[in-house]
Structure formats: structure tokens, C-alpha cells
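Chain by chain, the residues run as shown.
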Amino acid sequence: MYKNLIYDVDGKVAKITINRPKAMNALNEEVLSEMYEALLQFEGGSEKVAMITGAGKAFVAGADIQAMVSMDNLKAHELACLGHRLMNKIESCEKPVIAAINGFALGGGLELAMSCDFRLASTAAKFGQPEIALGIIPGFSGTQRLTKLVGTGMASYMIMTGEMIDAKRAFDIGIVEKIIDEDQFEDECAKIAEKMASKSIYALKAGKQTIENGVNMDILRGSRLEIESFAQLFSTEDQKEGMSAFLEKRKANFKDS
Ligand code: CAA
């Protein structure tokens, strides 16, 4: 079905692997469109969690430079819109989407990772917004999402120098949430995704949506949003099951989807 992706389902986890290793999984229009389709597939399916990763030694080395070299500004505008459409789709997806960063996450690759709910990085991963060396700036939301993650000073530094950083530095400045040894990376990422998928889908969705929607609100509106989301969960069977299981000292058995 997909030319550039592998969509695997393992239990309640969907693993979306970008599979253009010869081009370091660079994002061209076709890959961006297929990724969008894959997100629709995930939204419509019964999987509770999606994990995005890359085949070979890159997560994604950015937008496809070969495809961009001769673009005019109108084509570049279209490409940027396609990129933003995907990043916004990932961010607004009701269910959690994790980035499993196995290698280079550069330019559009870092932007893709930053649109996910959180980022797991292999010790082999490298990060950067190297667009400045190509005579451009990030075009798939790097100026916005990197700034939100690390602040204006650090985002300016990374975008204006194009410097590449390793996983430890990315963790220290708040780009990634967990670093995992390269040789255990796949297994550990799968375990984290499976653990999330064993939880209540209603709580996973509410957690994601309350964080995503609340981040742009002031504290009072954000608090009201949290109160509503928190209270709403008490109308689910999963809340009754989760709390009963705790009191009965057994493992909770949440609904499948
Ligand atoms: N687009 C197209 N092809 C790419 C690519 C990209 N972003 N990144 C790597 N490739 C290709 C290379 O051209 C090469 O192809 P050939 O074998 O046909 O020559 C192949 O992938 C392997 O790459 P290297 O030989 O360069 O591998 P390396 O291990 O020496 O270096 C790398 C790896 C550091 C990732 C290096 O390839 C690199 O710097 N890539 C470009 C990174 C970049 O500038 N990204 C930003 C793109 S612009 C962007 O993303 C804008 C935006 O915000 C939307």
C-alpha cells in the first residue's frame, strides 16, 4: 500500500517506519503524503499508540534536497504547506504519537520528531536544523516548535549556526525525553509503547488533548480545561476498572480501544 513506509501493527501499537534508507529517509512530497495517510490509518484503527521511526542509520535527514534544488517559491510554498499539514496532523491526532529517533534527525526530520508527543533517542541519534547551510530556514515548523521546546535563544543558536548535537546534548536542552542504548533501542521503544497501550485509551486521549490544547492557554483557562477533562473520565468504565483494580490489588484490565 505504501511505497516509502512500513506500517506494522503489534498488539495495540502501530509502528510507522520511513523506509528510504538510501536517501536517509528524506521527506519528499510522496513521503509526506504517505505519512499523512498513515496517520489517518492510525486514527481510524484500533491501535492505541503510534511510533514513528526510520529505516537504516537515519531517523529522517530532512526534506529532500534533490527534490528542492530547482523549486521556485510557489513550489516551495506548496511543499512547506504539505509539511505543516503533516506536522499539525501528528500533533492534533487524538491518540499518542511517539518519535523513536534511531539516527540522524535533521531539518524536517527534527521537525517531524518535535510534532510528536515525546521523543525517545538512541545514543546514536544526532539532531540539528542545518538549513542555514543550504541558504534557507526550517520550513516544516522548526522556527516555531523548536522555540517552544528550547526557548528563543537556543532555537536561534541552532537555526542560525546549523550546529549538529548529540543525544546527550538534546536531552540536556529538552529536545528528547529519554536516551536509550543503541543496541537496546528497538526493544526498549517497543516496551514503552506497549506499556502505554496497556492503559486506558480515554485517559491517553484526555492527557494528550489537555496538554496540547492547554499549552497555548493562560493558567486559568488551562485549569478549567483540566477540570473538565479530569471529570469527564469519571464517566468511563476504565476509570471504575483502574481504581477498583488498585483497591483489589490486581492489574487493571482496560478496554481494548
Ligand atoms: N535530501 C536528499 N538526499 C539526502 C538528504 C536529504 N536531506 N540527506 C542525505 N541524503 C542522501 C545523500 O545525498 C546521499 O545520497 P547518494 O548516496 O545518492 O549520494 C545519501 O543520502 C547518503 O548521505 P551521505 O553520503 O551524505 O551520508 P553521510 O553519512 O556522510 O552523512 C548526513 C549523513 C549528515 C545526514 C548528510 O547526508 C547530510 O548532511 N544530509 C543533509 C541534511 C540536511 O541538510 N537536512 C536539511 C534539509 S532541508 C529541510 O529539511 C528544510 C525543512 O525544514 C523542510
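These numbers were taken from a predicted model, which means no experiment stands behind them.

Conventions adopted
Residues numbered from 1 in each chain as written. Predicted model: local features only at pLDDT ≥ 70, side-chain atom pairs only at ≥ 80, totals over all residues. Heavy atoms only, no water. Axes fitted to C-alpha atoms, helices over the stretch in contact; angles between N-to-C directions. Helix = DSSP H or I, 4+ residues; strand = E, 2+ residues; numbered from the N terminus. Parallel < 35°, antiparallel > 145°, perpendicular 65-115°, else oblique. Contact = heavy atoms within 4.5 Å. Pairing = 2+ DSSP bridges. Near = heavy atom within 4 Å. Polar contact = N/O pair within 3.5 Å; in protein donor to acceptor, adjacent residues only side chain to side chain. Areas by Shrake-Rupley, 256 points an atom, 1.4 Å probe, with all protein chains shown as cover. Domains from an automatic or database assignment. Buried area = accessible area lost by both parts, 1.4 Å probe. Buried < 20%, exposed > 50% of the residue type's maximum accessible area, 1.4 Å probe, protein only. Right-handed = clockwise from strand over helix to strand, strands pointing away.

K.L.:
What should I look at first to understand the packing of helix H3 (residues 73–92) against helix H4 (residues 108–115) in this one?
P.N.:
Any two packed helices are characterised by the angle at which their axes cross and by the distance between the axes. H4 packs onto H3 with a crossing angle of 25 degrees between their chain directions and a minimal axis gap of 8 Å. In this view, H3 runs roughly parallel relative to H4, as classed from their interaxial angle. Within the contact between the two elements, H3 uses Leu86, Met87, Ile90 and Glu91 and H4 uses Gly108, Glu111, Leu112 and Ser115.

K.L.:
What am I meant to see in the sheet that holds strand S2 (residues 13–18) here?
P.N.:
Adjacent strands of a sheet form backbone hydrogen bonds with each other and so pair up, either parallel or antiparallel. Read across the open sheet, the six strands follow the order S1-S2-S3-S5-S7-S10; overall the sheet is mixed. Both edges of this open sheet fall to strand S1 (5–10) and strand S10 (178–180), since each of them pairs with a single strand only. Neighbour-to-neighbour, the strand axes of the sheet open up by a mean angle of 20 degrees, direction not taken into account. Pairing geometry for strand S5 (residues 97–101) and strand S7 (residues 118–122), over four bridges, is parallel. Bridge pairing links Ala99 to Arg119 in S7.

K.L.:
Would you mind going over the sheet that holds strand S6 (residues 104–106) with me for this structure?
P.N.:
Pairing is mixed across the open sheet formed by four strands, whose spatial order is S4-S6-S8-S9. A strand with exactly one partner marks an edge of an open sheet, and here the two such strands are strand S4 (58–60) and strand S9 (165–166). As paired strands, S6 and strand S8 (residues 126–128) are joined by three bridges and run parallel to one another. Its bridge partner being in S8, Ala105 is matched across the sheet by Phe127.

K.L.:
Is there a simple way to think about the site of the ligand in this case?
P.N.:
Around the ligand sit 22 residues in total, of which Lys57, Ala63, Gly108, Glu111 and Glu131 are the nearest. One of the backbone N or O atoms of Ala61 is found 2.9 Å from a nitrogen atom in the ligand. Considering the ligand on its own, with 990 Å² of exposed area, one finds that the protein chains cover 62% of that surface. Counting only elements with at least two residues in the shell around the ligand, the list comes to helix H2 (65–68), S6 and H4.

K.L.:
What am I meant to see in the environment of Gln209 here?
P.N.:
Relative to the assigned elements, Gln209 resides in helix H9 (residues 201–214). Along the backbone, Gln209 and Lys95 are 114 residues apart, and their C-alpha atoms lie at a distance of 8.7 Å. Dropping the residues within four chain positions of it, Gln209 is found in contact with Glu94 and Gly214.

K.L.:
Sorry, what's going on with the domain arrangement of the protein chain here?
P.N.:
Here the domain parsing of the protein chain yields domain 1 (5–197) and domain 2 (200–248). Of note, the centres of domain 1 and domain 2, computed from C-alpha atoms alone, are 27 Å apart. Taken together, the contact pairs 12 residues of domain 1 with seven residues of domain 2. Counting the surface lost from both domain 1 and domain 2, the interface buries some 850 Å², and carbon and sulfur atoms represent 53% of this.

K.L.:
Looking at this model, I keep getting lost on the environment of Gly62. Mind explaining?
P.N.:
Within the secondary structure layout, Gly62 lies in the loop between S4 and H2. For Gly62, a relative accessible area of 2% gives the class buried. A sequence separation of 68 residues divides Gly62 from Pro130, and the C-alpha atoms of the two residues are 8.9 Å apart. The residues touching Gly62, leaving out its near neighbours within four places in the chain, are Ala26, Leu27, Leu106, Gly107, Gly108 and Gly109.

K.L.:
Before we go on, may I ask you to explain the pairing of strand S3 (residues 49–54) in this structure?
P.N.:
Each regular strand shows side chains that alternate between the opposite faces of the sheet. When you tally the buried positions in S3, you get six out of six residues, the bulk of the element. The sheet contact formed by S2 and S3 spans six bridges and is parallel. Paired with Ile18 across the bridge in S3 is Gly54. Following the backbone out of S2, through helix H1 (residues 29–44) and into the adjacent parallel S3, one traces a crossover that is right-handed. The pairing of S3 with S5 spans three bridges and is parallel. Residue pairing in the sheet places Ala50 in a bridge with Val97 of S5.

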